[in-house]
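Structural overview
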Amino acid sequence: MTAPGSKPETVDQLIDHKLTAPLVAVRRSFFARYPLVVIASLMILAIALVAIFAPLVATVDPLQLRPTLRLKPPAVEPPFGTDLFGRDVWSRTVYGARISLVIGISAAVLSIAIGLLIGVFAGYIRWLDAIVMRIMDGLMAIPAVLLAVALASLNKGAANPILIVIIAITIPEIPRVVRLVRAVVLSVRQEPYVEAAISVGTPLVKLLWRHVLPNCVPPLIVQATYICASAMLTEAILSFLGAGTPPEIPSWGNMMAEGRGVFRVAPWIVLFPGIVLALTILSVNILGDGLRDRLDPKIAKRM
C-alpha cells in the first residue's frame, strides 16, 4: 500500500487517480464557491423529506383536540407546545410543510408553463406582442397580494380550496414570466442561426421548439425558484388574513393567524411556524441565486 501523501505505484492505482481526481476537484470547487447553496439545498431536501414522511415524523394527529393540554409550553413532549385547542404545534408544523410545498411548487410550475407559452408567441409575433403585453401590464398594475386575496375570496366554500389558492397565486405571477420570456425571445430572434433557419423555411413551431425555447430554460429555472418562494409567502399571508386555506387545514399561515391573539401568553404558536417558513423561503432564494450564478455564462466567467 502507498502512503497517504505518495503517488500511486501500480497502473490500476494510477488510472483510478486520473479518473477520480477531476471529480474530487469539481466537488471541492463547487463546495468552496457555493457553500450557502449546498446548505440551502440540504435544508430544502430535509423539509421535503419531512413533508413526505409527515405521518412518521409527527407525534400525534394535527387535528386532534386536547382541551386539557391547551397552551402548554414547549417541552420534551410536546416539543413545540400546544395551541388554543390543545393541538400539537410540532405535528401541525410538519403537516404545514406539505401545504406550503404543494402550493409553492404548483404555482411555480403553472406560472412558468403558462407564461412560457404566452411569452414565446408574444415575443416572436409582432402584432400579438402589443395586445398581450398591454394585458400583462394591466395585471401587473394590481398589487399581487390584493389580486390574490380578491380571487381567493370570490371562491369561498369551494370543493378544493387549495386549488383555488394555487390559482389565485399563479395568476399574478404569470405577467412576470411573460415579460422575462419575451425579453429572451426578442434577443434570440436577432441571432444569425435563427435568421438562417427562417431563410430556409423552417416552420414556426419547429423554429420555436429547436432554437428559441432552449434559450429560455436557464432563466426560467431561476425564476421558478423565486416564484416558489413567493408563492409560499403569499399563501401564508392569505391564510393569515383569512382568505387562504380553511382554518382547519394545518398550514403555517393558519397557525400564525390563530396564535396572534395569544402571542404574549403563547408566542411559540407563531414563532415556530414563522421560523420554519422563513428558513424555507430563505433556502429557496439562496438556491435560486446559486442557479443564476451557474446558469448565467457572464457571471460564471467572472467567478
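This text gives an overview of the structure that appears in the document.

Quick notes on the rules
- Every chain begins its residue count from 1, and numbering advances along the sequence as written.
- With pLDDT at 70 or above as the cut-off, local features in this predicted model cover only qualifying residues; side-chain atom pairs require 80 or more to be listed or tallied, and sums for whole chains, interfaces and linings still use all residues.
- Neither water nor hydrogens contribute to the side-chain values; these are computed over all heavy atoms in the structure.
- Working convention: axes come from line fits to C-alpha atoms, limited for helices to the stretch in contact. Angles between N-to-C directions cover 0 to 180 degrees.
- Segments assigned H or I by DSSP are reported as helices when at least four residues long, segments assigned E as strands when at least two residues long, and all are numbered from the N terminus.
- For any pair of crossing helices, the crossing counts as left-handed if the nearer helix is rotated counterclockwise from the farther one by less than a right angle, and right-handed if it is rotated clockwise.
- Throughout, a contact is declared for two residues whenever any of their heavy atoms are within 4.5 Å.
- All amino acids are sorted into three groups, where Ala, Val, Leu, Ile, Met, Phe, Trp, Tyr, Cys and Pro are nonpolar, Asp, Glu, Lys and Arg are charged, and the leftover types, Gly among them, are polar.
- Roughly parallel here means an angle under 35 degrees, roughly antiparallel means over 145, roughly perpendicular means 65 to 115, and every remaining angle is called oblique.
- The buried label applies to any residue whose accessible area, calculated with a 1.4 Å probe on protein chains only, is under 20% of its type's maximum; exposed applies above 50%, and partly exposed to all values in between.

A few points about the packing of helix 9 (residues 204-241) against helix 10 (residues 252-259)
- With their axes 7 Å apart at the nearest point, helix 9 and helix 10 run at an angle of 35 degrees to one another. The two elements helix 9 and helix 10 cross, and the hand of that crossing is right-handed. Counted together, Ala236, Ser239 and Phe240 of helix 9 and Gly253, Asn254, Met256 and Ala257 of helix 10 form the full contact between these two elements.
- Counted by class, the contact of helix 9 with helix 10 contains four nonpolar, three polar and no charged residues.

Describing the packing of helix 4 (residues 89-124) against helix 10
- Contact pair helix 4 / helix 10: the axes reach a minimum separation of 8 Å and the direction vectors enclose 135 degrees. Classified by the interaxial angle, the pair formed by helix 4 and helix 10 is oblique. Residues Val89, Arg92, Thr93, Gly96, Ala97 and Ser100 of helix 4 lie in contact with helix 10, whose contacting residues are Trp252, Met255 and Glu258.
- The class makeup of the residues in the contact of helix 4 with helix 10 is four nonpolar, three polar and two charged.

Considering helix 10
- The buried fraction of helix 10 amounts to seven of the eight residues, a majority that puts the element mostly inside the structure.
- Within helix 10, burial applies to Trp252, Gly253, Asn254, Met255, Met256, Ala257 and Gly259.
- Against the buried residues of helix 10 lie helix 4, helix 9 and helix 11 (268-295).

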